Amino acid sequence: MRDVAQAAGVSAQTVSRVANGSTAVRPQTRQRVEAAMSKLGYRPNYAARALKHGRFKNVGVLLYNMTSYGNARILNGIVTAAAESGYAVTVHTISRRGNQSLGSAIRHLQQLPVDGAVALLERQVPDFNEFRPGKDMPVVLVSEDPANHCPTIDADQYGCSIAVVDYLLSRGHRTVYHVAGPPTSRAAESRAQGWQDALWQFGIPLPKTYVGDWEADSGYQAGLALSHEDECTAIYAANDQMAYGVVQGLAAGGKRVPQDVSVIGVDDSLLGVVPRLGLTTMRMKFNEIGREAFSMVRRQCEGEQVPVGVKTVIPAELIERVSVRDIND
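Quick caveat, the model's predicted, so the values are computed rather than measured. (Residues numbered from 1 in each chain as written. Predicted model: local features only at pLDDT ≥ 70, side-chain atom pairs only at ≥ 80, totals over all residues. Heavy atoms only, no water.)

Chemist: Which parts of the structure should I look at to understand the side chain of Asp154?
Modeler: Mapped onto the elements of the fold, Asp154 is located in strand S5 (residues 152-155). Lys311 provides the closest opposite charge to the buried, salt-bridge-free Asp154, at an N-O distance of 4.8 Å. There is a polar contact of 3.3 Å between the side chain of Asp154 and the backbone nitrogen of Glu144. Residues contacting Asp154, with those up to four places away along its chain left out, are Val142, Ser143, Glu144, Ile289, Lys311, Thr312, Val313 and Ile314. (Helix = DSSP H or I, 4+ residues; strand = E, 2+ residues; numbered from the N terminus. Buried < 20%, exposed > 50% of the residue type's maximum accessible area, 1.4 Å probe, protein only. Lys, Arg positive; Asp, Glu negative; His and termini not counted. Salt bridge = Lys/Arg side-chain N within 4 Å of Asp/Glu carboxyl O. Polar contact = N/O pair within 3.5 Å; in protein donor to acceptor, adjacent residues only side chain to side chain. Contact = heavy atoms within 4.5 Å.)

Spelled out as structure tokens, the structure:
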């Protein structure tokens, strides 16, 4: 820093202000300092900054899987919001083996230069109710279940299913079949529960449930089986990949969508992937969830209080295309 100050003909304090993005520097002076930084190869030392300010301006993200659509979009929201606030992001995966606890995953993350953490809990962890974050490590959970000791946020998985069933019944369908996600997923569990409760509310007996694994092949098998169910006129798949598989399975069984069977999915993950996409879906606002989760942890890192014991719920949005038929006429 002293070398840069000497080369630019300014004080070390002015160099510090430029390095930290302060606006209290004249544009001409800033240009001289930045030119000297470039010439000398200067870059800020974040370890030194942390010693001085007590923060790394780095947030850790814990997740099981970076490749699933929801996790990838949430992570994108976190990274984008972090960059806008001058923060970096460190990603660490939670082990699927041995049912790793949230506490042990956070303790591992604390060994890294991070100020706080966002944990994407698509599965239930054994110490969820007992976990308490340390005073020096704020934690935000992206979780279907509200936590007693951490701020919590997630999509409205349950309400999404209520909306789907109401939508299909309002279009004349007498019942709604469901292709559920894997039993290890809390989101899939809540979506299935919402589907059940919505049908029970109308006094409709539950038809047989088909369980998939989030992938299109499992949806295909369910669609093929449901093509032989004469009473099946509407299918709700727990994500778009399975919904797309359902459409293909119905076609293989001689059924047309939507003329014979209506199909609706969740997440809107196939937009831009499948040409001429006609699938009606419930769009989950994963990017918004990621941005808000980062905001929650950043505010805590910077000394603000964020309410705990409550869950911020981001509602889904119905995207109507052409895979649902109104049979009221």
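Alright, that's what it looks like, and here's the rest.
Chemist: Looking at this structure, I do not really get the sheet that holds strand S7 (residues 209-211). What am I missing?
Modeler: Hydrogen bonds along the backbone pair up the strands of a sheet, which may run parallel or antiparallel. Spatially, the 6 strands line up as an open sheet ordered S7-S6-S8-S9-S10-S12, and their pairing is mixed. Each edge of the open sheet is held by one strand with a lone partner, namely S7 and strand S12 (317-319). Strand-to-strand twist in this sheet, taken as the mean axis angle between neighbours without regard to direction, amounts to 20°. Here 3 bridges tie strand S8 (residues 234-237) to strand S9 (residues 262-266), and the two strands are oriented parallel to one another. Considered in S9, the bridge of Ile235 is made with Val263. (Pairing = 2+ DSSP bridges. Axes fitted to C-alpha atoms, helices over the stretch in contact; angles between N-to-C directions.)

Chemist: What exactly am I supposed to notice about the pairing of strand S1 (residues 58-63) here?
Modeler: Note on strand geometry: in a regular strand, side chains alternate between the two faces of the sheet. Where burial is concerned, most of S1 is hidden: 6 out of the 6 residues are buried. Residues Asn58, Gly60 and Leu62 line one face of S1 and the alternating positions Val59, Val61 and Leu63 line the opposite face, and both faces are buried. Between S1 and its parallel partner strand S2 (residues 88-93), the chain crosses via helix H5 (residues 69-84), and the hand of that crossover is right-handed. Note: S1 against strand S3 (residues 116-121), 4 bridges, orientation parallel. The residue bridging Val61 from the neighbouring strand is Val118, located in S3. (Right-handed = clockwise from strand over helix to strand, strands pointing away.)

Chemist: Would you explain the packing of H5 against helix H11 (residues 286-301) in this entry?
Modeler: Helix packing geometry: the angle between the two helix axes and the distance between the axes. At a closest axis distance of 7 Å, the pairing of H5 and H11 adopts a crossing angle of 45°. If you check the angle between H5 and H11, you find them oblique. Crossing geometry of H5 relative to H11 is assigned as right-handed. Residues Tyr69, Gly70, Arg73, Ile74, Asn76, Gly77, Ile78, Thr80, Ala81, Ala82 and Glu84 of H5 touch H11, and the partners they reach there are Phe286, Asn287, Ile289, Gly290, Arg291 and Phe294. Residues of the contact of H5 with H11, tallied by class, amount to 8 nonpolar, 6 polar and 3 charged. (Parallel < 35°, antiparallel > 145°, perpendicular 65-115°, else oblique. Left-handed = near helix turned anticlockwise from the far one by under 90°. Nonpolar A, V, L, I, M, F, W, Y, C, P; charged D, E, K, R; others polar.)

Chemist: Can you walk me through the pattern of salt bridges in this structure?
Modeler: Side-chain pairing between opposite charges can occur once the charged atoms of the two side chains come close. If you walk through the whole model with that rule in mind, you get 11 salt bridges. Among the salt bridges present, the one from Glu320 reaches Arg171, with a minimum N-O distance of 3.6 Å. Residue Glu320 is located in the segment after S12, and its partner Arg171 is located in the loop between helix H7 (157-170) and strand S6 (177-180); the two are separated by 149 residues in the primary sequence. With its nearest N and O atoms 2.9 Å apart, the salt bridge here joins Glu189 to Arg186. In this pair, Glu189 and Arg186 both sit in helix H8 (residues 186-201), 3 residues apart, roughly one turn of the helix. For Arg186, a relative accessible area of 13% puts it in the buried group. In this structure, a network of salt bridges that share partners links the residues Asp268, Arg283, Glu317 and Arg321.

Chemist: Explain the packing of H7 against H8 to me, please; I cannot follow it from the model alone.
Modeler: Two elements in contact, H7 and H8, have axes separated by 7 Å at closest approach and are oriented at 40°. It follows from the interaxial angle that H7 and H8 lie oblique. In this structure, H7 meets H8 at a crossing whose hand is right-handed. The residues of H8 that touch H7, namely those facing Gln157, Tyr158, Ser161, Ile162 and Val165, are Ala187, Ser190, Arg191, Gln193, Gly194, Trp195, Asp197, Ala198 and Leu199.

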